[in-house]
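# Results of the structural survey
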Amino acid sequence: MAKHLEGKTAIVTGGAGGIGSWVSKLYAENGAKVIVADTGADVEGRMGMDASRVNAVVDEITAAGGEAVAAVGDVSEMDVAEGLVRTALERWGKLDILCCAHGILRERMIFNMTEDEWDGSIKSHLKGCFAPTKFAAIHWRQERQGGRIIYFTSDAGIRGSSGQPNYSAAHAGKLGLMRSNARGLSRYGVTSNCIAPGASTRMTDRGLGRQGEGPPPSASAAGTVGDPRNVAPIAVWLASDAGAAANGQTFGARGHVITLYSEPERERLLRFDDPFIDIDELFELWPATLGSEPLERTQAWT
């Protein structure tokens, strides 16, 4: 197999998770030196740090002949995020790839959600992408030799998920942050893209994903369309030199399929001659203009 990331260095946050561990391992298999960054905590992010899960991924990489180091900490903390970039530069003298695959899950309907459940999810997902991106971008702006930013988002951020308002908002925020990066950092040769994955992991084992007693679905996902390994190849392509062809894009990866999402575009137009919109005229013109077709896209809510 070709070494598509030969000579590159990468930070993978959530690098010991169901999808993140495969990203870490396939990056190393393709020649990259990898910082496997994770808390090793439970899905809700409430059980503190567990270095054993992070070290296990590093051990697997090194046993296969790759090079990796473990970094145990909360990437949403600014000093931890800065330390990841510093480690890459001090150990290998460069940083080429930042892949953020971390996150937590604290489900609740909006009317039942606590402030802690909201703040914790937004901090983990969204600030956890901002913090390492800030310090990686400082380096890339100084060096002007390019870089790759890859965020893992979710269908919940693209379409919304009724029982996950915090999770949906955080992942939608990643799309905005990604697009801002794409505009602001392209002049330095940096690309920024998102992946919306579909796989059987600890997160999907919860709620409706778990039926009855016995092992969780993720325990038998290997070799099936739900295998998290199926998600990692697009993360390798986006991190490579060939990945320079994509910037500001959102890709889907599930089963044995990779998709490219269309970006939002203005769909209908209603223009008024006067600077102030006449409200009565708005009501009169709406049915034949902006309301000419149903605005509720039911297929988006299934």
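Rules and cut-offs
- Residues numbered from 1 in each chain as written.
- Predicted model: local features only at pLDDT ≥ 70, side-chain atom pairs only at ≥ 80, totals over all residues.
- Heavy atoms only, no water.
- Core = buried A, V, L, I, M, F, W, Y, C linked by side-chain atoms within 4.5 Å.
- Buried < 20%, exposed > 50% of the residue type's maximum accessible area, 1.4 Å probe, protein only.
- Helix = DSSP H or I, 4+ residues; strand = E, 2+ residues; numbered from the N terminus.
- Contact = heavy atoms within 4.5 Å.
- Expected span 1.5 Å × (residues − 1).
- Salt bridge = Lys/Arg side-chain N within 4 Å of Asp/Glu carboxyl O.
- Bend = angle between axes of the 7 residues up to and from the residue.
- pLDDT = per-residue confidence, 0-100.
- Pairing = 2+ DSSP bridges.
- Axes fitted to C-alpha atoms, helices over the stretch in contact; angles between N-to-C directions.
- Phe/Tyr/Trp six-rings, centres within 6.5 Å; stacked < 30°, edge-to-face > 60°.
- Lys NZ or Arg CZ within 6 Å of the ring centre and 35° of its normal.

## Details of the nonpolar core
If you look at the biggest cluster of nonpolar residues, it comprises 33 residues, and the most contacted ones within it are V23, Y27, V34, V36, F152 and I195. Those elements that provide at least two residues to this core are β1 (9–13), α1 (20–29), β2 (33–38), α2 (51–63), β4 (97–100), β5 (147–152), α7 (232–239) and β7 (250–254). Residue contributions to this core peak at six residues, all from α7. Residues within four places of V23 in sequence aside, it is in contact with V12, C99, F152, A232 and A235. In terms of nonpolar packing, the next biggest core, distinct from the first, is built from 28 residues, A81, V85, L175 and C194 among them.

## Some remarks on helix α6 (residues 165–185)
Because an α-helix completes one turn every 3.6 residues, residues spaced three or four positions apart along the sequence face the same direction. For α6, spanning 21 residues, the distance from its first C-alpha to its last is 30 Å, which sits close to the expected 30 Å at 1.5 Å a residue. The complete set of buried residues in α6 reads P165, N166, Y167, S168, A170, H171, K174, L175, M178, N181, A182 and L185.

## Remarks on the pattern of salt bridges
Summed over the entire model, instances satisfying the criterion amount to 13 salt bridges. A salt bridge links E117 to R108; the shortest N-O distance between them is 2.5 Å. Residue R254 is joined to D155 by a salt bridge in which the shortest nitrogen-to-oxygen separation is 2.8 Å. Of the two residues, R254 sits in strand β7 while D155 sits in helix α5 (residues 155–159), which places them 99 residues apart along the sequence. When its relative accessible area of 22% is taken as the criterion, D155 is described as partly exposed. When salt bridges that share partners are traced, they join D74, E77 and K123 into one network.

## Observations concerning helix α4 (residues 115–143)
Taking 1.5 Å of rise per residue, the 29 residues of α4 would be expected to cover 42 Å, and the 41 Å separating its terminal C-alpha atoms lies within 8% of that figure. Where α4 bends most, the angle comes to about 40°, and this point is K127. At the exit of α4 stands R144, carrying a positive phi of roughly 55°.

## Description of the confidence of the model for the chain
Per-residue confidence for the chain gives a mean pLDDT of 88; residues scoring 70 or more make up 86%. For the stretch residues 298–302, pLDDT sits under 50, and the model shows three contacts to residues farther than four places along the chain or on other chains.

## As for the environment of H171
Its place among the elements puts H171 in helix α6. Apart from residues no more than four positions distant in its own chain, H171 is found in contact with H125, F152, T153, S154 and G157.

## Structural notes on the sheet that holds strand β8 (residues 257–260)
Either a parallel or an antiparallel arrangement is found when strands of a sheet pair, and the pairing is made through backbone hydrogen bonds. Taken in spatial order, the eight strands line up as β3-β2-β1-β4-β5-β6-β7-β8 in an open sheet, and their pairing is mixed. Bordering the open sheet on either side are β3 (67–72) and β8, each of which pairs with just one other strand. With direction set aside, neighbouring strand axes in the sheet form an average angle of 20°. In this sheet, β4 lies alongside β1 in parallel orientation, the contact comprising four bridges. Residue I11 lies in a different strand from β4, and its bridge partner there is L98. Contacting β1, β2 and β3, helix α3 (residues 78–92) crosses the sheet at an angle of about 155° to β2. Its contacts with the sheet put α4 on β4, β5 and β6 (190–198), and the angle it makes with β4 is roughly 175°.

## Quick word on the packing of aromatic side chains
Here the structure, examined in full by the defined rule, presents zero aromatic pairs. Of note, K134 hangs over the ring of F135, and the distance from its end group to the ring centre comes to 5.8 Å.

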